[in-house]
Amino acid sequence: MKSFALIGASGFVASRHMRAIYDTENELVAAYDPNDSVGIIDSFFPKADFFVEFERFDRHLDKLRREETKVNFLSVCSPNYLHDSHIRFGLRSQADVICEKPIVLNPWNIDALLDIERESGKSIFSILQLRLHPAIISLKNKIENGPKGKVYDVDLSYLTSRGNWYYTSWKGDVNKSGGIATNIGVHFFDMLSWIFGDLKRNDVHVLAHDRAAGYLEFQQARVRWFLSVNNSAIPEEIKKTGARTFRSITIEGEELEFSNGFNDLHTESYKKILEGNGFGIAETKQSIEIVHDIRHKSPLGLKGEYHPFAKLPLTPHPFNK
Ligand SMILES: NC(=O)c1ccc[n+]([C@@H]2O[C@H](COP(=O)([O-])OP(=O)(O)OC[C@H]3O[C@@H](n4cnc5c(N)ncnc54)[C@H](O)[C@@H]3O)[C@@H](O)[C@H]2O)c1
C-alpha cells in the first residue's frame with residue numbers, strides 16, 4: 001500500500017483524486033488547502049491529517065519522512081500557476097508527484113522541472129485522462145493503422161458554460177489559469193498531439209475572456225478548433241435540451257462519439273501510474289507549447305481556416321458591462 005499526501009484538497013477535482021487513491025487501495029495520510037471546506041475527506045479517508053497552513057503541512061511530511069513512514073506520492077490539485085512550485089515541494093519531500101493538468105503554464109517550466117526531477121531521483125506524472133478514454137484510444141489506433149501520409153480534416157468544438165463566478169475565481173485570471181485555451185483546451189491539444197504527431201502551424205483567430213478559436217496543423221491533421229465557457233455560444237438545439245455543455249470532434253466530417261466514458265478516468269490514471277505506465281512530464285511538452293503560443297499570439301480575426309463558431313458575436317466581460 002502506498003501513502004499519499006494531497007495539495008488543493010478542498011477544490012472541485014480533489015475528490016476524484018481521493019476516489020482514485022481509495023479505489024486503488026492506497027491511503028491518503030495528509031492533505032493541505034488554505035480553504036477548510038474539506039468534509040469530503042470523510043467519505044474516503046477520515047483518518048487523514050488536514051492542514052490549512054503550508055508550513056505545518058511541510059513540517060508534518062518531514063516528520064513522516066524522518067519516522068520512515070514517508071509519503072510515497074504527492075497529488076497536486078491546486079490552481080495551475082502553483083503547480084510547478086508544489087511539484088518541487090513534492091520532489092524535495094522525496095515523493096513521486098501526480099499533478100493535474102496543465103502541468104505548468106510555460107514550456108520552460110517543464111525544462112526546469114525535468115532538471116529537478118533528475119536530481120531528485122523521483123518522478124513527475126501528469127493527469128492526461130483523455131489518452132485513457134476508449135474512444136480516443138481507438139481513434140489513435142485507427143490513424144496509426146491508416147495511410148501514413150494522410151492528413152485528416154478535424155473540427156473540434158468544446159463549449160462548457162460557466163457562470164460569473166468563473167471570472168472572480170483564479171480560473172478567469174489569465175495569469176493564474178493561462179486562459180481558456182490553457183485551462184479548458186489543454187486536454188484536447190494534448191490528445192491531438194498524441195494522435196496526429198508534430199505541430200507545423202498554430203494560428204489564432206479569436207482570443208477573448210470567454211472563448212478562443214484557431215487552426216492547428218499537425219503532421220497528420222488540419223484542425224479548426226473553438227473553445228468557450230459562454231452559455232450564449234452553445235447551439236440553440238443543444239440549449240433546448242437543458243444541456244450546458246456541447247462537445248464535438250469530427251474527423252473528415254464524421255462525428256467521434258465520446259460523450260460517455262469520462263467517469264473514473266482519474267482512477268484509471270492512478271492505476272497506470274502505480275503500474276509504472278504513467279505519463280511523464282516530457283510527454284506534455286507539445287501541448288504546453290501550443291497553449292503558451294496561443295496565449296501570446298495576436299488574433300488574426302476571421303481570416304484563413306477558421307472554425308465556423310469563430311463568427312459568433314462577441315460578448316462583453318461580465319464585469320465590464
Ligand atoms: N483533469 C481534469 O479533468 C480536471 C478537471 C478540473 C480541474 N482540473 C485541474 O485541477 C486543478 C484544480 O482545479 P479545481 O477545478 O479543483 O479548482 P478549485 O478552485 O475548485 O480548487 C483549487 C483548490 O486549490 C486551493 N488552493 C488555492 N491556493 C492554494 C495554495 N497556495 N496552496 C494549496 N492549495 C491552494 C483552493 O483553496 C482550492 O480548494 C487545476 O489545475 C485544474 O486545471 C483538472
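Residues numbered from 1 in each chain as written. Predicted model: local features only at pLDDT ≥ 70, side-chain atom pairs only at ≥ 80, totals over all residues. Heavy atoms only, no water.

Enquirer: Any chance you could explain the sheet that holds strand β2 (residues 27-32) here in plain terms?
Expert: Pairing between sheet strands relies on hydrogen bonds along the backbone, with the strands arranged either parallel or antiparallel. Overall, mixed pairing links the seven strands, which are arranged β3-β2-β1-β4-β5-β6-β13 in an open sheet. The open sheet has two edge strands, β3 (49-51) and β13 (279-280), and neither has a second partner. With three bridges joining them, β2 and β3 adopt parallel strand pairing. In the sheet register, Ala-31 faces β3, and the bridge partner there is Phe-50. (Pairing = 2+ DSSP bridges. Helix = DSSP H or I, 4+ residues; strand = E, 2+ residues; numbered from the N terminus.)

Enquirer: I'm lost on the nonpolar core in this one. Help?
Expert: Side chains of a nonpolar character, in soluble globular proteins, are inclined to be buried together. In this structure, Phe-57, Phe-189 and Trp-225 are the most contacted members of the largest nonpolar core, which totals 62 residues. With seven residues, the single largest contributor to this core is helix α10 (residues 186-196). If we skip the residues at most four places from it in the chain, Trp-225 touches Leu-156, Ala-181, Phe-189, Asp-203, Ala-212, Ala-213, Gly-214, Tyr-215, Leu-216, Ile-294 and His-307. With 22 residues, the next largest nonpolar core counts Phe-4, Met-18, Ala-20 and Tyr-270 among its residues. (Core = buried A, V, L, I, M, F, W, Y, C linked by side-chain atoms within 4.5 Å. Buried < 20%, exposed > 50% of the residue type's maximum accessible area, 1.4 Å probe, protein only. Contact = heavy atoms within 4.5 Å.)

Enquirer: What is the right way to read the pairing of strand β10 (residues 221-228) from this model?
Expert: Within a regular strand, side chains alternate between the sheet's two faces. With six of its eight residues buried, β10 lies for the most part within the structure. As paired strands, strand β9 (residues 211-218) and β10 are joined by eight bridges and run antiparallel to one another. The partner of Leu-216 across the bridge, within β10, is Val-223. The loop that links β9 with its antiparallel partner β10 comprises two residues.

Enquirer: Honestly, empty space enclosed by the protein in this entry has me stumped. Any pointers?
Expert: Gaps left between atoms show up when a probe the size of a water molecule is rolled over them. Applying the stated criterion across every chain yields a total of two cavities of 30 Å³ or more. Computed from the structure, the largest cavity encloses a volume of approximately 40 Å³. Around the largest cavity, the lining residues are Ser-126, Ile-127, Leu-128, Leu-132, Ser-269, Lys-272, Ile-273, Gly-278 and Phe-279. Among the elements that take part in the lining of the largest cavity, helix α12 (residues 265-275) stands out by supplying three residues, more than any other. For the second largest cavity, the full set of lining residues is Lys-101, Pro-102, Ile-103, Ser-126, Leu-128, Val-186, Thr-284, Ser-287 and Ile-288. Grouping the amino acids of the lining of the second largest cavity by side-chain chemistry returns five nonpolar, three polar and one charged. (1 Å grid on protein atoms, 1.4 Å probe; cavity = no way out; pocket = protein on both sides within 12 Å on 5 of 7 lines; lining within 4 Å. Points joined across faces, edges and corners; volume = space filled by probe spheres on them. Nonpolar A, V, L, I, M, F, W, Y, C, P; charged D, E, K, R; others polar.)

Enquirer: Where do I start with unusual backbone geometry in this structure?
Expert: The bulk of non-glycine residues show a negative phi, and the bulk of peptide bonds are trans. Following Lys-101, the chain continues into Pro-102 via a peptide bond in cis, with omega recorded as -20°. Its location among the elements puts Pro-102 in the loop between β5 (96-99) and α5 (107-120). One non-glycine residue, Glu-25, lies in the positive phi region at around 60°. Along the chain, Glu-25 falls in the loop between α1 (14-23) and β2.

Enquirer: Where do I start with the side chain of Asp-210 in this structure?
Expert: Its place among the elements puts Asp-210 in the loop between β8 (199-207) and β9. Within the local environment of Asp-210, its side chain forms a polar contact with the side chain of Asn-230, the two groups lying 2.8 Å apart. At 3.1 Å, the side chain of Asp-210 forms a polar contact with the side chain of Thr-315. Excluding its chain neighbours within four sequence positions, the residues that come into contact with Asp-210 are Tyr-167, Ile-180, Leu-227, Ser-228, Val-229, Asn-230 and Thr-315. (Polar contact = N/O pair within 3.5 Å; in protein donor to acceptor, adjacent residues only side chain to side chain.)

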